[in-house]
Amino acid sequence: MMKMTGKAFAKKLFGAKYERLPRTLFMDVIVFWGLYIAGFQVQIASFVRVLMISAFTAGVMWQALSSKDNVVELTAMLMLPHRRREFVFSYVGMLGAYTVLTKTGLLFAVLLAVSAWKPVEIVGMILCMIHAVFMAAAVYSVRKYWYVGGLWAAAIVSAILFFGNELLVGLLLLVNGLFAVLILWRTDGYDFYQKESKKSHGKAYHVVRQRKRATLWRYFFRYLSCHKNYLLNTVVMWCVALVLPYFFSEMAGLSVIPVGFAILSLNTPICILLSCDPDLEQAVRFLPGQKRRFCIPYCLFIFLCNMAADVIFLCSWQIQNGSVTVHMIAGAVFFALQSAVLSVLLEWFYPIRGWKIESDLWHHPRKYVVPVVMLLLAGGVLAWPILLYALLVLLAVEIIVLFFIL
């Protein structure tokens, strides 16, 4: 029974013939070998590696567990006769394998390539991955007691930070992992099931069809309110905007501010609106005249989200370092608007298709296209500050052309 259940979930996550797995592992090997032969080395403390591996794995595992795309499969599987514990561990095991092999594997390859390591440290990082998978699943199963899960996660992070001994950290993760397994042992499959709310179904996803009753702006904000993890990612970007001025002032002062604007454009959830909802994409493309009615408000929505982060960044810079200038404000407007335009163009002409669960959208390589372009433009602005005003003029021309094309 457990083998059959695990096989069903594995085919959904890795493909009917598991074709996705060898491609992903091959890419991990290529990344590792490319960085290794380049000779690029970074000294990374042990507790930093543990935190990176644990936080990344737990975050991706949480995204996989909360994916709306799993509702259909879980509904069908739970309707069949099943054994409670076998179902839970096969489901968690397959999602954990998906998380570790397709997502954390790339981070693991990069860490192995750029830092010195010992065999025992590799074992420790593998233990961190397994621990993060089980702990994320255990916290998710009791998510209605969110404060308990939050305190538990905070306690583990604090212990990793304050325990300098690798052996103590390893023992802590082992004991905590066993505790998470005990929680899952008493968990039912229905604890991972989440009902689709009426708010996120029907009107919320077909608001384009009902212009008299609702507007696109109401849809955009309802989109965030129906996806709490998307809203959380935006809040995290605001927190990053608060702390970036401190690190940048230590590095190079005013010259790196455009780099901060480029980093803050990496807000994936708001840039995959069509990709994550094929029904909405079909409605927008099918109805006449929707290209301009949808793309222009969508661009303004992304611009406002980016601009909110940039304003927080500039306010934090003013409080910590002072000397916010008109040039910096113009840079914030340019980077926020240019990244919004590029994001909408990518989403309209190159939407992500063929994804298995929502986590694939969050970690698709396409997410790095706009931030990389923004970083290249930031480098140009750092070299030639006058280039910013030329880019602003070019952006205005670009928007006018797009307005008539759409």
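A quick note: this is a predicted structure, and the numbers were derived from the prediction, not measured. (Residues numbered from 1 in each chain as written. Predicted model: local features only at pLDDT ≥ 70, side-chain atom pairs only at ≥ 80, totals over all residues. Heavy atoms only, no water.)

1. Things to note about the overall build of the protein chain
Phase 1: Scanning the protein chain from terminus to terminus reveals 18 helices and zero strands.
Phase 2: Looking at the protein chain residue by residue over its 406 residues, the buried ones come to 45%.
Phase 3: Across the protein chain, the fraction of contacts at a sequence separation of at least 24, relative to all contacts at a separation of at least 6, is 83%.
Phase 4: Roughly 21200 Å² of accessible area belongs to the protein chain as shown, and the carbon and sulfur atoms make up 73% of that amount. (Helix = DSSP H or I, 4+ residues; strand = E, 2+ residues; numbered from the N terminus. Buried < 20%, exposed > 50% of the residue type's maximum accessible area, 1.4 Å probe, protein only. Contact = heavy atoms within 4.5 Å. Areas by Shrake-Rupley, 256 points an atom, 1.4 Å probe, with all protein chains shown as cover.)

2. Some words on the environment of I302
Phase 1: Among the secondary structure elements, I302 is positioned in helix α14 (residues 290-320).
Phase 2: When the C-alpha atoms of I302 and F220 are compared, they prove to be 9.7 Å apart, with 82 residues separating the residues in sequence.
Phase 3: Not counting the four nearest positions on each side in its chain, I302 is found in contact with I270, C271, A340, S343 and V344.

3. Considering the packing of aromatic side chains
Phase 1: Here the structure, examined in full by the defined rule, presents nine aromatic pairs.
Phase 2: Between F261 and F313, the ring centres sit 5.5 Å apart and the planes meet at 75°, which makes this aromatic pair edge-to-face. In this pair, F261 sits in helix α11 (residues 257-263) while F313 sits in helix α14, placing the two residues 52 residues apart along the sequence.
Phase 3: You can call F313 buried: its relative accessible area is 0%. (Phe/Tyr/Trp six-rings, centres within 6.5 Å; stacked < 30°, edge-to-face > 60°.)

4. Side note on the nonpolar core
Phase 1: Core analysis: the largest hydrophobic core is formed by 57 residues, its most contacted members being L273, F294 and F313.
Phase 2: Per-element tally for this core: the top contributor is α14, with 13 residues.
Phase 3: Excluding anything up to four places from it in sequence, L273 contacts Y219, F220, Y223, L280, F294, Y298 and E347.
Phase 4: In terms of nonpolar packing, the next biggest core, distinct from the first, is built from 45 residues, V92, Y98, C128 and A138 among them. (Core = buried A, V, L, I, M, F, W, Y, C linked by side-chain atoms within 4.5 Å.)

5. As for the pattern of salt bridges
Phase 1: Taken as a whole and judged by the stated rule, the model has one salt bridge.
Phase 2: Close ionic contact of R49 with E121 constitutes a salt bridge, the shortest N to O distance being 3.2 Å. Here E121 lies in helix α6 (residues 119-141) and R49 lies in helix α3 (residues 46-65), a separation of 72 residues in the sequence. The same class applies to R49 and to E121, which are both buried. (Salt bridge = Lys/Arg side-chain N within 4 Å of Asp/Glu carboxyl O.)

6. Some words on the state of the cysteines
Phase 1: If you walk through the whole model with that rule in mind, you get zero disulfides.
Phase 2: Lacking any disulfide linkage, C299 is separated from the closest cysteine sulfur, that of C295, by 8.8 Å. (Disulfide = S-S within 2.5 Å.)

7. Side note on helix α2 (residues 20-38)
Phase 1: Compared with the 27 Å implied by 1.5 Å per residue over 19 residues, the 27 Å span of α2 between its first and last C-alpha is a close match.
Phase 2: The set of residues buried in α2 consists of R20, T24 and D28. Take α2 and look down its axis: the buried residues cluster within an arc of 70°, on one side only. Of the exposed residues in α2, those oriented more than 90 degrees away from the buried face are P22, R23, F26, V29 and I37.
Phase 3: Of the residues flanking the end of α2, it is G39, one or two places downstream, whose phi is positive at about 75°. (Expected span 1.5 Å × (residues − 1). Arc of directions from axis to C-beta.)

8. A word on the environment of V123
Phase 1: Mapped onto the fold, V123 is located in helix α6.
Phase 2: What makes V123 exposed here is its relative accessible area of 54%.
Phase 3: With 47 residues separating them along the chain, V123 and G170 place their C-alpha atoms 9.8 Å apart.

9. Considering a nonpolar patch on the surface
Phase 1: Side chains of F47, V157, L161, F162, F163, L167, L168, L171, L174 and L178 sit close together on the surface and give an oily, nonpolar patch of about 970 Å² of accessible area.
Phase 2: Contributions of two or more residues to the nonpolar patch are made by α7 (146-162) and α8 (166-185).
Phase 3: With five residues, the top contributor of residues to the nonpolar patch is α8.
Phase 4: Within the secondary structure layout, L178 lies in helix α8. (Patch = residues over 30% accessible without salt bridge, like charges linked within 9 Å, V, L, I, M, F, W, Y side chains within 5 Å.)

10. Comments concerning the confidence of the model for the protein chain
Phase 1: Taken over all residues, the pLDDT of the protein chain has a mean of 78, while the share at 70 or more is 85%.
Phase 2: Considering only residues more than four positions removed or in separate chains, one finds that residues 197-214, a stretch of pLDDT under 50, has 28 contacts. (pLDDT = per-residue confidence, 0-100.)

11. Regarding the side chain of S54
Phase 1: Summarising the element assignment, S54 is placed in helix α3.
Phase 2: The class of S54 is buried, set by a relative accessible area of 10%.
Phase 3: Not counting residues up to four positions away in its chain, the partners in contact with S54 are C128 and A132.

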